[in-house]
Amino acid sequence: MMKKTGIIFFPAFDWAISATHPEREERLLYTRDQMFEEGILDLPEIEEYSPRLATEHDICRVHFCVPAVSDQVLEAHRIAAGAAMHLGDKIMAKQIKNGFALVRPPGHHAMRVVHGNRGFCNINNEAVLVEYLRRTYGVKKIAIVDTDVHHGDGTQDIFYHDPDVLFISFHQDGRTIYPGTGFTYELGGPGAYASTINIPLPPGVTDSGLHYVMDHLISPILADFQPDLVVNSAGQDNHFTDPLGKMRITAQGYARLTEKLKPDLAVLEGGYAIETALPYVNLAILLALAGKDYSSVLEPEYNPASFKENPRVTSEIHRVVEELQEIWANRHKVDKFSLANGAKYYQRTKPIYYDTQFIEEKQVEKVRVCAQCPGYMTIDSQAYHPDGKCYHVLAITVPIQACKYCQEEGWDAYEQFKQDYRFNYVYLQDKSTDTFMMYRREERQEVRSDG
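Residues numbered from 1 in each chain as written. Predicted model: local features only at pLDDT ≥ 70, side-chain atom pairs only at ≥ 80, totals over all residues. Heavy atoms only, no water.

**Description of the overall build of the protein**
For the protein, the helix and strand inventory stands at 12 helices and 17 strands. When the backbone C-alpha atoms are referred to their principal axes, the protein occupies close to 65 × 50 × 45 Å. By the burial criterion, 61% of the 451 residues in the protein qualify as buried. Taking all contacts inside the protein whose residues are at least 6 apart in sequence as the whole, residues at least 24 apart take part in 71%. Averaging the positions of the 46 positive and the 62 negative side-chain charges in the protein gives two centres separated by 5 Å. (Helix = DSSP H or I, 4+ residues; strand = E, 2+ residues; numbered from the N terminus. Buried < 20%, exposed > 50% of the residue type's maximum accessible area, 1.4 Å probe, protein only. Contact = heavy atoms within 4.5 Å. Lys, Arg positive; Asp, Glu negative; His and termini not counted. Charge placed at Lys NZ, Arg CZ, Asp CG, Glu CD.)

**A look at the sheet that holds strand E9 (residues 229-234)**
Pairing is parallel across the open sheet formed by 8 strands, whose spatial order is E2-E1-E4-E10-E9-E6-E7-E8. Only two strands of the sheet have a single neighbouring strand rather than two, namely strand E2 (46-48) and strand E8 (196-201). Geometrically, the sheet is characterised by an average inter-axis angle of 15° between neighbouring strands, direction not taken into account. Relative to E9, strand E6 (residues 142-146) runs parallel, the two sharing 5 bridges. Looking at E9, one finds that Asp 146 is bridged to Ser 233. Contacts between helix H5 (residues 125-137) and the sheet are confined to strand E4 (96-103), E6, strand E7 (165-172), E9 and strand E10 (265-268), with E9 contributing the most and set at about 165° to the helix. Against the sheet, helix H10 (residues 311-329) contacts E7 and E8, and its axis sits at roughly 170° relative to E8. (Pairing = 2+ DSSP bridges. Axes fitted to C-alpha atoms, helices over the stretch in contact; angles between N-to-C directions.)

**With respect to the sheet that holds strand E13 (residues 377-384)**
The strand order across the open sheet formed by 7 strands is E11-E12-E13-E14-E15-E16-E17, and the pairing between neighbours is mixed. For this open sheet the edge positions go to strand E11 (345-354) and strand E17 (445-450), each flanked by a neighbour on one side alone. Across the sheet, the axes of successive neighbouring strands diverge by a mean angle of 15°, strand direction being ignored. Bridge analysis of E13 against strand E14 (residues 390-398) gives 8 bridges, and the strand direction is antiparallel. By the bridge assignment for E14, Ala 383 is matched with Tyr 391. Across the sheet, helix H12 (residues 404-417) lies against E11, strand E12 (359-368), E13, E14, strand E15 (425-430), strand E16 (435-440) and E17, angled at about 165° from E15, the strand it touches most.

**Side note on the pairing of E10**
Of the two faces of E10, the one holding Leu 265 and Val 267 and the one holding Ala 266 and Leu 268 are both buried throughout. Two strands pair when backbone bridges link them, and E4 and E10 are joined in this way by 3 bridges, in the parallel orientation. Counted as the bridge partner of Ala 101 is Val 267 from E10. Sheet analysis places E9 next to E10, joined by 4 bridges and oriented parallel. Bridge pairing links Ser 233 to Val 267 in E10. Following the backbone out of E9, through helix H8 (residues 251-261) and into the adjacent parallel E10, one traces a crossover that is right-handed. (Right-handed = clockwise from strand over helix to strand, strands pointing away.)

**Points about empty space enclosed by the protein**
One pass over the full model with this rule turns up 6 cavities of 30 Å³ or more. Around the largest cavity, the lining is made up of 15 residues, and of these Arg 112, His 161, Asp 162, Pro 399 and Lys 431 lie nearest the centre. Secondary structure elements with two or more residues in the lining of the largest cavity: helix H6 (153-159) and E14. When its residues are assigned to classes, the lining of the largest cavity shows 7 nonpolar, 4 polar and 4 charged. Taken together, domain 1 (4-332) and domain 2 (337-450) each give at least three residues to the lining of the largest cavity, which thus spans both. (1 Å grid on protein atoms, 1.4 Å probe; cavity = no way out; pocket = protein on both sides within 12 Å on 5 of 7 lines; lining within 4 Å. Points joined across faces, edges and corners; volume = space filled by probe spheres on them. Nonpolar A, V, L, I, M, F, W, Y, C, P; charged D, E, K, R; others polar. Domains from an automatic or database assignment.)

Structure below.
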């Protein structure tokens, strides 16, 4: 029996940042028209499905939405995440060999704590998918490869302390583009060192440079990690016509990358050249997933003579690859307790800016350095809104691999912080039992959700 490639379209007609914003429904409508025109959806190798809704609990497995999920998440967000989950179900049931969720809104800038929209993202579609698959099917090791021109800082934040989720992001150097992060030294917390691999690339990278990275770094790392599932955060704003990036990747380059990566599931992220890139790149990726010939998919503006990579760009690509090759090769020599300087808790403070809603957040993150598991985490988050509102919340997350001690200490911390007058809301996310708790201090109300 032929194993097909599943596809879901969700243009989100009723969701928009503004009528002329780069992230708008036309991003998918031109793609849809192109696929109809080419008769792609009539191919026996491709099966189209309808999306479904992610539940509030599906979102609570990943995010602390402030004050609550209903304040940050619209139906469009739940459908976009639910589409990825639905294709995940089909893959796990072996009804399809792989899938492509062509959905919006995007999600890879949405972090664990959500105070609003940043980078066009409210919730992280790939992270919701990953936690759903782990809880529902017991999938242990998952790799997320982010191919967006912007660093997937939200996905990194969510899995920074998780050794069973390998996050690899190649992107335009954060010194030249939003969100200004994603450097080679961002490698994961003490319990998950080198489970985060960032590949910052200079502007002007062409297909040849990108495939050097794929062949000499990404593929060998994936072969070593041996994930049970590979998810592609399929951002397409590395394209040479994209208005937000300065890279030189073509539809053919993306298709060959997909062919080499062999993702089980691709989820659309960025890509804002609505007419000149997205219809061609999406089509090429879909054909590559389905094992069909994509060699004739060429953009009208494509001219092979204009894609010679600057030698300085090539040299920098090789330098970054060599640096990360060495880090990966020596990752097992690094001790988690030395990374935390012998302290019981690993702590970091980070400012977070919500560029869409102008919210300024300050986080203090503390992770218990545990010999038996990745350790439970507390996040002290203060968010200042432009209208003068300020939310001060405390969030606790217990990892899915938690030992008994960390689980008990996480719950004890939740009970203690409920009494702390500083916090408007206190949350507990216990992934080991699939339980979510929220305490509203002023109303003295508690809400519990179980999977």
